[in-house]
Amino acid sequence: MQLLKSNIDSSKYDSFIDELIKLSELIIKGDFSERLDDNFEDQKFRQLAYNLNTIVELLQIQGNSFTFAEESIISEFIEIISNYTTYNFSRKLPISDNGTVLDAIAAGINMLGEEFEESAATKEELAQEKSKLERANRIAKLANWELNLKSKACSHTSELLRIFDLPQDFQGDVFYEIKKRIHPEDFAEFDYVFRHEIFKKQKIIFTNRIITKASNEKFIYHMLSVVKNNEGSVIAVNGLMQDITERILIEKKMFDTEQRYKLLFNSMSDALIIILNNSIVDFNAKAKEVFGIKPNQVFVISDFLCNQSGKDNYESYENINRKLELAYKGIPQYFEWECINKQAKLFPAEINLFSIEIDSKIYLQFTFRDITERKKMQRQVEENEKMILKAIINTEEKERGRFAEEVHDSLGPLLSGIKAFFSTIDYENKSYEENLNKINTVRELLNEAIISTRTIANTISPGLLADYGLDAAINNFCGKIMSLNKIKIKYMSFGVYLELDSTMEIILYRTIVELVTNTIKHANANNVDIKLGFTESRITLTYTDDGIGLPSKNKIGMGLNLVANRLRSVNGEFYIKNRGGENHKGIQAVAKIKI
């Protein structure tokens, strides 16, 4: 430390050692005419030089009267001093108790070695500290500089050159390079600071952007302090400069992320509430709209959830508290509950509850999804299912009644006739011809009964549908209807016919049967047009007649309702309407099934 405080650099140190060696060699030769330069700022070096010069003067007075031992000691002096040039300060000269001139010289040289040893250790420590400081500044991207306002000379640390992408051996005008790289949009502010602000304020802090040589944009933080002379005039500016680009970009990214989160948070259709220690710390716009929440409101279960103890399929506050405990332990909870809105009205909600740990604090997030519409749809579906079931039962009963009527009206009389004719056959009292005629009549009645039975069976489940497919069954049905009724049916199928499963074929067949039956019974129509089209993704059935159309408000009967429900069961849709217009009387029905 003493050597550094004296501002002696390594060149002066080496020069001093050279002078010592030269002086020692002259002493050995008996030449005492030379003296050391004692013009040192450091007092100890100056005193040491003075003491050595005094010793030389004493030797000069003594004359060249050294013994062999004394010459050996002086040679050792020179060897040790030579070691100083290689920064080896470990060896020390022996000092006797006689107090001779050589002992005085040895003491002076030992003292010099100690000074040099302490100085070298301090230099090494400072070099290490300086290296650490430079590494720290490089990591922090921190630079120090000083600008002399008169000479415009700018001293600086090496990090400043790195910040501005200048080479480390740059020798030009640094401050000019700094100004040249200021972002055009920030230059006016930077220029104003150095033209005006430094003369008004002792300390100035500001941030600006620069454009580096590689065309990269950086954000630079400045902290300036001014240096004044005795008259109070500003003569220099000391500056601390830091490249904060990464921090700015991270902050911007965090801000953008936060904005996106807030946008997502507040645009959600579900109500979100975040709780810490039973206090509401955050909530979105939907939660405010539904519950009327206020910031820092205490979370009380009864303000949000109805106590449903005793109701079927619902739980009580005890179960809610258990769910809260599980959520705090990291087990998410999903359940439905009756909630209370700000108008004190109940609504069904689907609730998601889970915990989030941030900075060793556990937050609970409630998500409330209003499922009122879903519940309505579920009830509607349940009601529809009940209606469908009721329609199926009624239709089955209707089919059974029609089947009984067909058997009673057509097959019953035939079987009764067959029985009657059989009872009149009398081989003992009747002639062969009379009995043969009755047998032939019975045979004819049996054939009619068989045909009637087949007709009834085909009406219930057409055999052609299973044996020959949908197209053949429809053609056969239309042919029979036209043969028994004064109505013309035009049927056409087109497109690439697809192999359909039996359920879909039966549904399409029943749809056509129901539509034709309704036309015959109610429409008083003369013509029916049926088109069945196939594509790779859809089947389309179009049905029209020229009858009187549907009754008022396009109401349809239970049979057609059953048709619509059957079609929906296979991902289909069905609608029927009056065609309208003088030339387009009757109805139009369309069934579409996605494949």
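What you see is a predicted model, and the numbers here were worked out from it, not measured in a lab.

Scanning the chain from N- to C-terminus turns up 18 helices and 15 strands. Expressed as a percentage of its 595 residues, the buried residues of the chain come to 36%. Carbon and sulfur atoms make up 52% of the accessible area of the chain, which totals about 36,600 Å².

It is worth spelling out the pattern of salt bridges at this point. Summed over the entire model, instances satisfying the criterion amount to 18 salt bridges. The partner of K201 in a salt bridge is E197, with the nearest N and O atoms 3.1 Å apart. Judged by relative accessible area, K201 falls into the partly exposed class, the value being 45%. With a closest N to O distance of 4.0 Å, R374 and E336 form a salt bridge. Highlighted residues: R374 in helix α13 (residues 372-424) and E336 in strand β8 (residues 333-340), separated in sequence by 38 residues.

Our focus in this paragraph is a negative patch on the surface. A cluster of acidic side chains, namely D18, E19, E34 and D37, defines a negative patch on the protein surface. With respect to the secondary-structure elements, D18 resides in helix α2 (residues 10-28). Note on D18: relative accessible area 46%, which makes it partly exposed.

Quick look at the side chain of E505 now. Examined against the element boundaries, E505 turns out to sit in helix α17 (residues 502-523). Here E505 occupies a buried position and makes no salt bridge, while the nearest side chain of opposite charge, R510, is found at 12 Å. Excluding its chain neighbours within four sequence positions, the residues that come into contact with E505 are L465, L470, Y497 and L500.

Moving on to the nonpolar core. Most often, soluble globular proteins keep nonpolar side chains buried together rather than apart. In this structure, I530 and F574 are the most contacted members of the largest nonpolar core, which totals 38 residues. When residues of this core are assigned to their parent elements, the largest contribution, eight residues, is made by α17. Beyond its immediate stretch of four places on either side in the chain, F574 contacts L515, L560, V563, A564, L567, A589, V590 and A591.

Moving on to the packing of aromatic side chains. For any pair of aromatic rings, the description rests on two quantities: the centre-to-centre distance and the angle between the ring planes. The tally for this structure, following the rule as stated, stands at 14 aromatic pairs. With a centroid separation of 6.4 Å and an interplanar angle of 35°, the aromatic rings of W145 and F175 are classed as tilted. On the criterion of sequence distance, the pair formed by W145 in strand β1 (residues 142-148) and F175 in helix α7 (residues 174-180) is long-range, its members being 30 residues apart. Each member of the pair, W145 as well as F175, carries the same accessibility label: buried. Through a chain of ring-to-ring contacts, three or more aromatic side chains come together here, namely F291, F299, F304, F347, F366 and F368.

Right, let's talk about helix α12 (residues 317-328) for a bit. In this model α12 runs 17 Å from its N-terminal to its C-terminal C-alpha over twelve residues, within 8% of the 16 Å that 1.5 Å per residue would give. Inspection of α12 places N319, I320, K323, L324 and A327 among the buried residues, and these make up the whole buried set. All buried residues of α12 fall inside an arc of 145° around its axis, so they share one side. Against the buried residues of α12 lie α11 (301-304), β8, β9 (346-358) and β10 (361-370). One or two positions beyond α12, positive phi appears at G330, with a value near 95°.

Picture the strands of a sheet paired through backbone hydrogen bonds; they go either parallel or antiparallel. The five strands lie next to each other as β11-β12-β13-β15-β14, forming an open sheet whose pairing is mixed. The sheet is open, and its two borders are formed by β11 (488-495) and β14 (572-578), each paired with just one other strand. The sheet shows a mean angle of 10° between the axes of neighbouring strands, taken without regard to direction. Relative to strand β15 (residues 587-594), β14 runs antiparallel, the two being bridged by seven bridges. If you follow Y575 over to β15, its bridge partner there is V590. The sheet strands contacting helix α16 (residues 470-484) are β11 and β12 (527-534), and the helix crosses β11 at an angle near 170°. The strands that helix α18 (residues 558-568) touches are β14 and β15; relative to β14, the one it contacts most, it runs at about 150°.

What follows concerns the environment of N578. Looking at the secondary structure, you find N578 in strand β14. Judged by its relative accessible area of 30%, N578 is partly exposed. Separated by eleven residues in sequence, N578 and A589 have C-alpha atoms that sit 8.7 Å apart. A polar atom in the side chain of N578 sits 2.5 Å from the backbone nitrogen of L550.

As a further point, take the environment of L224. Among the secondary structure elements, L224 is positioned in strand β4 (residues 217-228). A relative accessible area of 2% means that L224 is categorised as buried. Through-space distance from the C-alpha of L224 to that of I205 is 6.3 Å; in sequence the pair is 19 residues apart. Setting aside chain neighbours within four positions, we find L224 in contact with W145, V193, F194, Q202, K203, I204, F206, V237, N238 and G239.

Reading the values: rules and limits
Along each chain, numbering runs from 1 in the same order as the chain's sequence is written. Selection of residues for local features in this predicted model requires a pLDDT of at least 70, selection of side-chain atom pairs for listing and counting requires 80 or more, and totals for whole chains, interfaces and linings are taken over all residues. Side-chain figures throughout are based on the complete set of non-hydrogen atoms in the structure, without hydrogens or water. For the purposes of this entry, the term helix denotes a DSSP run of H or I that reaches at least four residues, the term strand denotes a run of E that reaches at least two, and both are numbered from the N terminus. Think of it in three bands: with a 1.4 Å probe and only protein chains considered, a residue is buried below 20% of the maximum accessible area for its type, exposed above 50%, and partly exposed in between. Computed with the Shrake-Rupley method and a 1.4 Å probe, the accessible areas treat only the protein chains shown as cover for residues. By convention in these notes, a salt bridge is any Lys or Arg side-chain nitrogen within 4 Å of a carboxyl oxygen on Asp or Glu. Residues with no salt bridge and a relative accessible area higher than 30% make up the patches, which join like charges within 9 Å and nonpolar side chains (Val, Leu, Ile, Met, Phe, Trp, Tyr) within 5 Å. Counted as positive: Lys and Arg. Counted as negative: Asp and Glu, with His and the chain ends omitted from the count. Here the site of a charge means atom NZ of a Lys, CZ of an Arg, CG of an Asp or CD of a Glu. Contacts are residue-level and defined by heavy atoms, with any inter-residue pair within 4.5 Å sufficient. In this description, a nonpolar core means a group of buried Ala, Val, Leu, Ile, Met, Phe, Trp, Tyr and Cys residues linked to one another through side-chain atoms lying within 4.5 Å. Whether two aromatic rings pair depends on their centres lying within 6.5 Å, for rings of Phe, Tyr and Trp, where Trp uses its six-membered ring; planes under 30 degrees apart make the pair stacked, over 60 edge-to-face, and the rest tilted. The span you would expect from a helix comes to 1.5 Å times its residue count less one. Taken from the helix axis, the directions to the C-beta atoms give the arc we talk about. Pairing between strands requires that DSSP locate at least two bridges from one strand to the other. Note on geometry: axes are lines fitted to C-alpha atoms, helical ones only across the stretch in contact, with angles between N-to-C directions running from 0 to 180 degrees. What qualifies as a polar contact is a pair of N or O atoms within 3.5 Å, subject to a donor-acceptor requirement within protein and to the restriction that residues adjacent in sequence count only when both atoms come from side chains.

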